[in-house]
Amino acid sequence: VKLAGKQSYAFYQPEMASESQERVRLEADLRQALAEGQFELWYQPKINIRDNCLMGVEALIRWRHPERGMIQPDLFISTAERVGMIKEIGEWVFATACTQLREWNNMGLKLSMAVNISGDHFIAANFCNFIVKTIELHQLRFQDIEIEITESLSRDPEEHRLICHELRSRGVRIAIDDFGTGYSSLSVLGNLEVDTLKIDKSFIDGVASEPASQLMVRAIIDLALGLGYDIVAEGVESADQLEVLRERGCPYIQGYYFSRPVEASKMPMLFATDWSLARVA
Ligand code: C2E
Ligand code: CA
Ligand code: CA
Ligand code: CA
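By the naming in an unreviewed UniProt entry, the protein chain goes by Phytochrome-like protein cph2 and is assigned to Granulosicoccus antarcticus IMCC3135.

Structure follows, in structure tokens:
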């Protein structure tokens, strides 16, 4: 039996008999979760440390399971990909994020919204069309929407590039998530169809303590800024890490140091926060 990961295995394993039975059951569970509104989006701030303001949020899915409580995405996203449910979930995520951004815009909050999209969904038929239509339906600005993809998930780099190009031609922004952990060589880095690189947490972890990590992060920041990409450091947890990143000229910071992901209702409060002084949630 092929399983997506230890955690989804542990989560679903007990009553599993065969792979096909397992598949059917997981798919049914996820379908029910969608139909009954058990999914939620939480939002983690991205802080611009040049002017100490909240520049945007990343939407992160959670599953409020009626019996098992709150389930984190690492426990079900790979399962959803495996059973072919990721497109439907991704469309729910994107539409919900757009609805939320419309609501915040109506309250006078100006910010960008980043949404994670799985590789299979990104290259599915009509993806661009769905994205463009949904943004238009909610009367949002294309440049306020960023789609986060991981470079390693791309099976067809040329097709991938075309989709990125089409979205960017409308003004939608593309970010490479977990940057530094994929397979891109330096030769393609100067010529990516993307706007933003998000430096993976594994580099940030050692940025204040390990010379090698610090050197890597410094090189990535110099290279990215030099090539004209925006850059976000993710997984920033300490003041020491923040200081190194500030010194190195990294403009955008996301991580528990400033705030964990929060429910939508907390955002107006976070928006009014003075980020030069604060760590919030
Ligand atoms: P990711 O896109 O790399 O998102 C960052 C993850 O790191 C989030 O975990 C976030 O809560 C966590 N994080 C942020 N700052 C810190 C920090 O300072 N320290 C630590 N230890 N962790 C931090 P989360 O929400 O559990 O999401 C895990 C992964 O699940 C995401 O990684 C993403 O790959 C996937 N995911 C989440 N939401 C969605 C979604 O709506 N669609 C898809 N396709 N994938 C999603
Ligand atoms: Ca992400
Ligand atoms: Ca990431
Ligand atoms: Ca990740």
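A. Structural detail: the packing of helix 4 (residues 86–106) against helix 6 (residues 127–137). The geometry of helix 4 relative to helix 6 is characterised by a closest axis approach of 9 Å and an angle of 25 degrees between their N-to-C directions. As summarised for this structure, helix 4 and helix 6 are arranged roughly parallel, according to the angle between their axes. Pair helix 4 / helix 6 crosses with right-handed handedness. Contact residues: Glu91, Phe94, Ala95 and Cys98 in helix 4; Phe130, Ile131, Thr134 and Ile135 in helix 6. Across the contact of helix 4 with helix 6, the residue classes tally to six nonpolar, one polar and one charged.

B. Region of interest: the coordination of the calcium ion (ligand 4). At 3.0 Å from the calcium ion (ligand 4) lie its protein donor atoms, namely Asp178 (OD) and Asp178 (OD). Between the two metal centres, the calcium ion (ligand 4) and the calcium ion (ligand 3), the spacing is 3.7 Å, with Asp178 acting as a shared donor. For Asp178, the position within the fold is in strand 6 (residues 173–179).

C. Layout of the site of ligand 1. The full set close to ligand 1 counts 21 residues, and Arg62, Ser118, Asp177, Glu237 and Tyr256 are the nearest of them. Between Gln44 and ligand 1, the recorded distance is 3.1 Å, taken from a side-chain N or O atom to a nitrogen atom. Contact distances for ligand 1 include 2.5 Å between a nitrogen atom and a side-chain N or O atom of Glu237. Look at ligand 1: alone it shows 800 Å² of surface, and the protein chains cover 82% of it. For the shell around ligand 1, the secondary-structure elements that each account for two or more residues are strand 2 (53–65) and strand 6. With four residues, strand 2 is the single largest residue contributor to the shell around ligand 1. Taken together, the residues of the shell around ligand 1 break down into eight nonpolar, six polar and seven charged.

What counts as what
- Residues numbered from 1 in each chain as written.
- Chains lettered and ligands numbered in written order.
- Predicted model: local features only at pLDDT ≥ 70, side-chain atom pairs only at ≥ 80, totals over all residues.
- Heavy atoms only, no water.
- Axes fitted to C-alpha atoms, helices over the stretch in contact; angles between N-to-C directions.
- Helix = DSSP H or I, 4+ residues; strand = E, 2+ residues; numbered from the N terminus.
- Parallel < 35°, antiparallel > 145°, perpendicular 65-115°, else oblique.
- Left-handed = near helix turned anticlockwise from the far one by under 90°.
- Contact = heavy atoms within 4.5 Å.
- Nonpolar A, V, L, I, M, F, W, Y, C, P; charged D, E, K, R; others polar.
- Donors = N, O, S within 2.8 Å, 3.2 Å for Na, K, Ca; no water.
- Near = heavy atom within 4 Å.
- Polar contact = N/O pair within 3.5 Å; in protein donor to acceptor, adjacent residues only side chain to side chain.
- Areas by Shrake-Rupley, 256 points an atom, 1.4 Å probe, with all protein chains shown as cover.

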